[in-house]
Amino acid sequence: MPAVDRVHLHVTGVHDHHDPDFHRMDRVGDRWESTVEVSEDLVASYRIMPVTGELAAQVDAEPDSRVRWMTVVGQTVPHVLDHPAWHPAAWSEGFGEASGRLVMSEAPEQAGWDSADSPGWEETPLDGRSLWTADLPDADYVLVLSDGRNWAATALPAALRRLHAAGRLPRTGVVAVDTYAGRYELLTRSAAYRELIADRVIPWAWEQVSVLADPQRTVISGESLGGLSALDLVLSRPDAVGCAVSTSGSFWYPAWDSEQAGGEVAAEIRERTAAGTPPEGIRVHLSAGTGEGRPGAGNTTMADHTLAVHRALVDAGVPATCEISTHGHEMAGWTGALTRGLVQLMG
């Protein structure tokens, strides 16, 4: 077995994977150690990544920071930390399973979640696209999610049932939609996404409930580009969906390094309000993490973009709430953010 030359530790939202050296652990005898100070309210996955000498030379010679990161992240190994903040790893499409997850003592509530739960989804095709569903018969609300492969690896249905049993949510059926193929084109305010969700997925979901579709009891949710498309859908198709939970929305769109806080979405909401045609009949919850950084080379953070969109919605008279918490751009922070948002919106 090739000898390990160095070991990298990456705590999402704390370390910068654009750093050319990443964060290196120290060799102490036959062990590798590192001390990292983190916020007491942090929620984050972490990765321990052993690298051989041969691979280290390859990484050091690679000028592209993304290629360097993807090479190193592929070396992630499982880990159990003897600390009360430790939880089993979160999984993310494109990055695989992390080593573990940290939920610090002052972190926001991970509403409904229990690491002992199993996923419990059913997979079904719709127009050649995979859907993962749970609890649709007899549901009071229908929740539709983008990036379905990520959510299908979680126990979200169990979390929603637990919140319902506690009287914090209505009975909620859920549909997680596979949006992996052509993701950027699909989730950047496209007509194809609007038609897919509003005209195909939502009517199909309510057919499984066996009642007529009700926009006010239909929730669209997503993260990153999915967060952008969730808000776009509720703004453009309130006839189909009246509620949105947008987490870490890519509101920098369409310019990656935009300094226009809230991007074109916030600008369009303000324009509609000024013209006397503000969005109506919708409710929105937004959230973002302080550890998500700045898109591109700009100075405007993901949290800045989210706060700007929230302000535009409130000024338009839309019932909208916003949460900024300590997490990075990843599923470890998004699971709790989603269920907290649902309780805020529907509870």
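Residues numbered from 1 in each chain as written. Predicted model: local features only at pLDDT ≥ 70, side-chain atom pairs only at ≥ 80, totals over all residues. Heavy atoms only, no water.

Participant: I keep staring at the overall build of the protein chain and nothing clicks. Help me out?
Facilitator: Within the protein chain, the secondary structure is distributed over 10 helices and 16 strands. The C-alpha radius of gyration computed for the protein chain amounts to 21 Å, which stays within 12% of the reference 20 Å derived for 347 residues, consistent with globular compactness. If you line up the protein chain on its principal axes, its C-alpha atoms span 65 × 40 × 40 Å. A buried classification covers 52% of the 347 residues belonging to the protein chain. Within the protein chain, contacts between residues separated by at least 24 positions form 73% of all contacts whose residues are at least 6 apart in sequence. When the accessible surface of the protein chain is split by element, carbon and sulfur atoms take 50% of a total near 15200 Å². (Helix = DSSP H or I, 4+ residues; strand = E, 2+ residues; numbered from the N terminus. Rg over C-alpha atoms; globule rule 2.2 N^0.38 Å. Buried < 20%, exposed > 50% of the residue type's maximum accessible area, 1.4 Å probe, protein only. Contact = heavy atoms within 4.5 Å. Areas by Shrake-Rupley, 256 points an atom, 1.4 Å probe, with all protein chains shown as cover.)

Participant: Help me understand helix H4 (residues 156-165) in this model?
Facilitator: In an α-helix, one full turn covers 3.6 residues, which means residues spaced three or four apart are oriented alike. Inspection of H4 places Leu156, Pro157, Ala158, Ala159, Leu160 and Leu163 among the buried residues, and these make up the whole buried set. In this structure, the buried residues of H4 make contact with strand S10 (129-134), strand S11 (141-145), helix H3 (148-152), strand S12 (172-177) and helix H10 (331-346).

Participant: Even after reading the chapter, I still don't get the sheet that holds strand S5 (residues 86-87), so can you show me in this structure?
Facilitator: Across the sheet, four strands lie side by side as S1-S4-S8-S5; this open sheet has antiparallel pairing. Here the strands that pair on one side only, and so sit at the sheet edges, are strand S1 (4-11) and S5. Summarising the sheet, strand S4 (residues 43-52) and strand S8 (residues 100-103) pair through four bridges and their orientation is antiparallel. In the sheet register, alanine 44 faces S8, and the bridge partner there is leucine 102. Against the sheet, helix H1 (residues 53-61) contacts S1 and S4, and its axis sits at roughly 110° relative to S4. (Pairing = 2+ DSSP bridges. Axes fitted to C-alpha atoms, helices over the stretch in contact; angles between N-to-C directions.)

Participant: What am I meant to see in the sheet that holds S11 here?
Facilitator: Across a sheet, paired strands are connected by hydrogen bonds in the backbone, their directions being either parallel or antiparallel. The sheet built from eight strands is open, its strands ordered S9-S10-S12-S11-S13-S14-S15-S16 with mixed pairing. Each edge of the sheet is formed by a strand with only one pairing partner; in this case those strands are strand S9 (122-126) and strand S16 (320-325). On average, each strand axis in the sheet is tilted by 20° relative to the strand beside it, whichever way the strands run. On top of the sheet, H4 reaches S10, S11 and S12; it is set at about 160° to S12, its chief contact. Where helix H7 (residues 225-236) meets the sheet, it contacts strand S13 (218-223), strand S14 (243-247) and strand S15 (283-289), and its direction lies at approximately 150° from that of S13.

Participant: Would you mind going over the packing of aromatic side chains with me for this structure?
Facilitator: Each aromatic ring pair is specified by the distance between its two centres and by the angle formed by the two planes. One pass over the structure, following the stated rule, counts three aromatic pairs. Taken together, the ring pairs connect Trp252, Tyr253 and Trp256 into an aromatic cluster. (Phe/Tyr/Trp six-rings, centres within 6.5 Å; stacked < 30°, edge-to-face > 60°.)

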